[in-house]
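Structural overview for review
Single-letter residue listing:
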Amino acid sequence: MGFDVASQSAGAFGPSMTDVFDKWTAFRDWAESAVLVNPRRVERTLLQSPSPEPSQVFAIGLNYREHVREVGLSDNDDRASSRVPVPPTFTKFASSLAGPFGELVLPSDKVDWEVELVVVIGKGGHRIAAADAWDAVAGFTVGQDVSDRDVQIRPQDNPQHGLGKSFKGFSPIGPVLATMDEVGDPHDLGLRCWVNGELVQDGRTDDFVFPIPFLIEYLSNVVTLLPGDLIFTGTPSGVGIGRKPPRFLSPGDEVRSEIDGIGEMVTKFVPRP
Ligand code: ZN
């Protein structure tokens, strides 16, 4: 069931999500005891991005052990051991955000899928200790870190992760923001991705290299995490570029992404007009 936060709270919260995130703790307190007037069923295809205007969108690479192996790095590999002590971090620019049910125009024939658990920051903060990390978090959503591999990694000496993962629509998230009590243990969630009904990724967050509190401590040691910010926490194995031969998305393909306790998104890939 759904309801309009701004009208049900008599204007105390919303209507923008930014306003709700800014007052996250008070909003949670209100939501737990609010008496709702006529909540109604919401058509899921009308759902939009649960954090439409984040100040910062972080993404973590190589955060599932199985995915590290898939892209050709092992624990004994020099490149892996030089990378693994800190989480490889990059930016997805906010203009690439999209809702959970939409169309994405393919910019090239090298576009790949990456289902990811996305952390939505609530209170946020600077220099947050791992032990206090969950207090900074609003909840979790499903994300796709859609990636143009040509733009991302073809310049091998100078990979362009930020640009390769920030074409229009390359960061769909949704369908909802699920709170901790709804998802249970965020480090024990199954996440799956299908392309045209074929299961291509089937991972579990217990395979994380860096757990979420570590990521929050690590990032907030540098930057201030702000209400509504997003952290894409990495993708499990099964991406197209890890296949032999590599496989990429074509016009007409439909990608479905799902995480236990949160829900599913469906993105349709269409040709450039
Ligand atoms: Zn990713």
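Keep in mind that this is a model prediction, so the values were computed, not measured.

1. Quick notes on the side chain of E264
With respect to the helices, strands and loops of the structure, E264 is situated in strand 14 (residues 263-270). Given the relative accessible area of 18%, E264 is considered buried. One polar contact links E264 to R44, side chain to side chain, over a distance of 2.6 Å. In terms of polar contacts, E264 uses its side chain to reach the side chain of R256, at 2.8 Å. Other than its neighbours up to four places away in sequence, E264 contacts R44, F101, P175, R256, S257 and E258.

2. Observations concerning the coordination of the zinc ion
Coordination of the zinc ion by the protein involves E114 (OE), E116 (OE) and D145 (OD), with metal-donor separations of 1.9 to 2.1 Å. Of note, the donors binding the zinc ion are all from one chain and are spaced E-x1-E-x28-D. One end of the pair, E116, is in strand 6 (residues 115-121); the other, D145, is in the loop between strand 7 (137-144) and strand 8 (147-148), and 29 residues separate them in sequence.

3. Focus: the environment of S49
Position of S49 relative to the elements: it lies in the loop between helix 3 (24-33) and strand 1 (57-60). S49 sits in the buried class, given a relative accessible area of 11%. S49 sits 59 residues away from S108 along the chain, and the two C-alpha atoms are 24 Å apart. If near-sequence neighbours (up to four positions away) are discounted, S49 is found in contact with A98, G99, P100 and I173.

4. What about the layout of surface pockets?
Think of a ball as big as a water molecule: rolled over the atoms, this probe shows where empty space is left. Of the volumes computed, that of the largest pocket is approximately 1,400 Å³. Lining the largest pocket are 39 residues, with G2, F3, V5, V176 and L177 positioned closest to its centre. Of all the secondary structure elements, the ones that give two or more residues to the lining of the largest pocket are helix 1 (5-8), helix 2 (17-22), helix 3, strand 9 (171-178) and helix 8 (180-183). For the lining of the largest pocket, the element with the most residues is helix 3, which contributes six residues. Here the lining of the largest pocket is composed, by residue class, of 23 nonpolar, seven polar and nine charged.

5. Re the pairing of strand 11 (residues 198-204)
In this structure, strand 10 (residues 190-195) lies alongside strand 11, joined through six bridges in antiparallel fashion. Bridging from a neighbouring strand, V195 pairs with E198 of strand 11. In sequence, strand 10 turns back onto strand 11 through a hairpin of two residues, with N196 there showing a positive phi of about 50°.

6. Some points on the packing of aromatic side chains
Counting across every chain of the model gives eleven aromatic pairs. Residues Y64 and F208 carry aromatic rings whose centres are separated by 5.0 Å and whose planes lie at 70° to one another, so their mutual orientation is edge-to-face. Taken together, the positions of Y64 in the loop between strand 1 and helix 4 (65-70) and F208 in the loop between strand 11 and helix 9 (212-220) put the pair 144 residues apart, joining distant regions of the chain. The two residues Y64 and F208 agree in class, both being buried. Through a chain of ring-to-ring contacts, the aromatic side chains of F3, F13, F21, W24, F27 and W30 assemble into a single cluster. The positively charged end of K92 is found above the aromatic ring belonging to F232, 5.4 Å away from the centroid.

The rules behind each value
- Residues numbered from 1 in each chain as written.
- Predicted model: local features only at pLDDT ≥ 70, side-chain atom pairs only at ≥ 80, totals over all residues.
- Heavy atoms only, no water.
- Helix = DSSP H or I, 4+ residues; strand = E, 2+ residues; numbered from the N terminus.
- Buried < 20%, exposed > 50% of the residue type's maximum accessible area, 1.4 Å probe, protein only.
- Polar contact = N/O pair within 3.5 Å; in protein donor to acceptor, adjacent residues only side chain to side chain.
- Contact = heavy atoms within 4.5 Å.
- Donors = N, O, S within 2.8 Å, 3.2 Å for Na, K, Ca; no water.
- 1 Å grid on protein atoms, 1.4 Å probe; cavity = no way out; pocket = protein on both sides within 12 Å on 5 of 7 lines; lining within 4 Å.
- Points joined across faces, edges and corners; volume = space filled by probe spheres on them.
- Nonpolar A, V, L, I, M, F, W, Y, C, P; charged D, E, K, R; others polar.
- Pairing = 2+ DSSP bridges.
- Phe/Tyr/Trp six-rings, centres within 6.5 Å; stacked < 30°, edge-to-face > 60°.
- Lys NZ or Arg CZ within 6 Å of the ring centre and 35° of its normal.

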